[in-house]
Each structure stands twice: as structure tokens, then as C-alpha cells.
Amino acid sequence: MIARKKLVAGNWKMNGSLVANETLIKGFLPEVTDAVDVVVFVPAPYLAQVQGLCQGSAVKWGAQDVSSMPNGAYTGEVSLPMLEEFGVTHVLVGHSERRTYHFESSDAVADKALAAIEASIVPIVCVGETLQEREAGRVVEVINAQLDPVFDRCGRYAQNGKWPVIVAYEPVWAIGTGVTASPEQAQEVHAAIRQRVQEKLGLEVAQSTRVLYGGSVKPSNAAEIFAKNDIDGGLIGGAALSSSDFSGIIRAARG
Ligand SMILES: O=C(CO)COP(=O)(O)O
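Residues numbered from 1 in each chain as written. Predicted model: local features only at pLDDT ≥ 70, side-chain atom pairs only at ≥ 80, totals over all residues.

K.L.:
Run through the UniProt feature "binding site: substrate" (unreviewed entry) in the protein chain, naming residues and quoting values.
P.N.:
UniProt records the feature "binding site: substrate" (unreviewed entry) at Asn11, Trp12, Lys13, Gly176, Ser216, Gly237 and Gly238, using the numbering of this structure. Their sequence span is 228 residues, while the largest C-alpha to C-alpha distance among them is just 13.9 Å; these annotated residues converge on one region. Tracing the backbone shows Lys13 in the loop between β1 (7-11) and α1 (18-28). Judged by the 18 C-beta atoms lying within 10 Å of it, Lys13 falls in the partly exposed class. Turning to its location among the elements, Gly176 is positioned in the loop between β6 (166-169) and α8 (183-201). Apart from the residues within four sequence positions on either side, Gly176 is in contact with Gly237 and Gly238. (UniProt positions renumbered as here; feature names shortened; annotations may be inferred. Helix = DSSP H or I, 4+ residues; strand = E, 2+ residues; numbered from the N terminus. Buried ≥ 20, exposed ≤ 12 C-beta atoms within 10 Å, placed from the backbone. Contact = placed C-beta atoms within 7 Å.)

K.L.:
An account of the packing of helix α5 (residues 106-118) against helix α7 (residues 139-154) is requested, with residue identities and associated values reported.
P.N.:
At a minimum axis separation of 8 Å, α5 and α7 run at an interaxial angle of 40°. On the basis of their axis angle, the class for α5 and α7 is oblique. Here α5 and α7 pass one another in a crossing that is right-handed. Here Ser106, Asp107, Ala110, Asp111, Ala113, Leu114 and Ile117 of α5 lie close against α7, whose contacting residues are Ala145, Gln146, Pro149, Val150, Asp152, Arg153 and Cys154. Each residue belonging to the contact of α5 with α7 can be placed in one class, and the counts come to 8 nonpolar, 2 polar and 4 charged. (Axes fitted to C-alpha atoms, helices over the stretch in contact; angles between N-to-C directions. Parallel < 35°, antiparallel > 145°, perpendicular 65-115°, else oblique. Left-handed = near helix turned anticlockwise from the far one by under 90°. Nonpolar A, V, L, I, M, F, W, Y, C, P; charged D, E, K, R; others polar.)

K.L.:
Got a sec to walk through the sheet that holds strand β2 (residues 37-42)? Specific residues and values, please.
P.N.:
A barrel is described by the order of its strands in space; here 8 strands give the closed sequence β1-β2-β3-β4-β5-β6-β7-β8, paired in parallel fashion. With direction set aside, neighbouring strand axes in the sheet form an average angle of 25°. Pairing analysis gives 5 bridges linking β2 to strand β3 (residues 59-63), with the strands arranged parallel. Its bridge partner being in β3, Val42 is matched across the sheet by Ala63. Packing against the sheet, helix α2 (residues 47-54) makes contact with β2 and β3, and its axis sits at approximately 170° to β3. Across the sheet, α5 is in contact with β4 (90-93) and β5 (122-127); its angle to β5 comes to roughly 160°. (Pairing = 2+ DSSP bridges.)

K.L.:
Could you give an account of the pairing of β2, with specific residues and numbers?
P.N.:
In terms of burial, β2 is a largely internal element, 6 of the 6 residues being buried. Across the two faces of β2 the burial is the same, with Asp37, Val39 and Phe41 and Val38, Val40 and Val42 all buried. As paired elements, β1 and β2 share 5 bridges and run parallel to each other. Of the residues in β2, the one forming a bridge with Val8 is Val38. Handedness of the crossover joining β1 and β2 through α1: right-handed. For the crossover from β2 across α2 to β3, the handedness is right-handed. (Right-handed = clockwise from strand over helix to strand, strands pointing away.)

Set out below in C-alpha cells:
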């Protein structure tokens, strides 16, 4: 069994300011050690600032979305070549807020993931069901439908047992609601995701691919969630905006 290093990712969403960002980063930076990977996903206007604050540290930074197009007449979009200029290593694609408010299809999300891989930036592909879908017993079906275009487009980049894709399972009903999936509920879905990776890309890739959990993770529940076999860290929203909360979650991931 391959040991997968835990990853704690902070998704700031549309929050922050020059002053708040600096306080936040300086607050949790001392907690970051080689035992855990930490990435912050910041609003695009703050990438240069965050690059300045995190460069030379163990913390990486990324964007919350990206265009699949390299340049051109796409008002409001941000491209991968632009992100590269700011030292970005990871990008979120397909967050449920993008799928809901910006009508992003799973095909569009897979196009973004592919473009990121081709730019040597790691996409974190977000998937998750609504409460209605869960109650209808459709969790695995919904998640497989979200992931399958990613396997179709990006599967060929799985090489030597590794795949430059991270998956984040974020049940929509647990995002920003204070309701967390129980560690058992999350583990069940994570195992199903890993199973799907295995079916599509083989055992070795399935064992090396990290699957993060997101949805109301806090310092008080992080350790028991991260203790589950198939949960390789978290994608943190609200608690990533407080340096003490984010520090607590980093400590939980360090074990
Ligand atoms: O959407 C999330 C991270 O991407 C989760 O948000 P919360 O941690 O605020 O529930």
C-alpha cells in the first residue's frame, strides 16, 4: 500500500483583502512542515501578493478556477499561462459553486482539468452530490458521471502508476452548512471514487491518487475525518479564513 501524503487545501472563495491575507498566511505558516502538503486557493487579484508571502516556504498557492483556453476574447476569464506567471502549482476545477452559479458542465470541467495538466498545473477536480441526489440513492452514479469525462480526457496522462489529478469530494449539502458528512459517509464515497479510478486507470494509479474531503471541516472534526483510509486530506472553505482554525486542521493532518 502506497502512503499518500495528506494535503490540506484552503479555498478562500470570494473572501480576503490585502491586510487580511497577510495576517492569515503569517498566522498559519509556522504550522506547515514537511509532514503535510498545504495549498491555498486565493482570488485571482491576490495571486501576486500570496506568491510574495509564500514563495520560499512549504506553502503552495493556486487559483479557484481557470479557462481551458490559452488566450483570446473571453471577457472575465483567467488563463493558465497567466497563472503560471504567478507560480501557481494547483487549480480548482468544477467546484460546486462554479457548477451551480456558472452552469459548468462536467465536460467543461474536464476540459479545464486537461488544459491544467498540459500546463503542468495539478487540477483538483471537485465532485459531489446534492441532498436530493443522496436521498434518491444516486451518490455513486452522480459522482461517476462527474468524473468520467475527466478519465476520458485526462486518463492518458496516468503514467508509471501516477496521475497528475487530485479529486475533492464535496457533498453539496455539507458545504458552508455546518453539516459535515460523517467520517463513515465520507469514507464510503471516497472508497467508491478510488474504485472508479481503479476501474479506469488501474490499481497503482488508484492507490496513488489523492482524494480530499470538503464540507464543513473544522479543527474539531478534521482528525477523525482524516483518519479514514481513503481520505487524504481536506478542501477547507470557511475554516481556511481563520489562521487558528486552519492551523488546527493542518495539525490534525500532520497527525
Ligand atoms: O466548498 C468548500 C471548499 O471548497 C467547503 O466549504 P466549507 O468548509 O465552508 O463548508
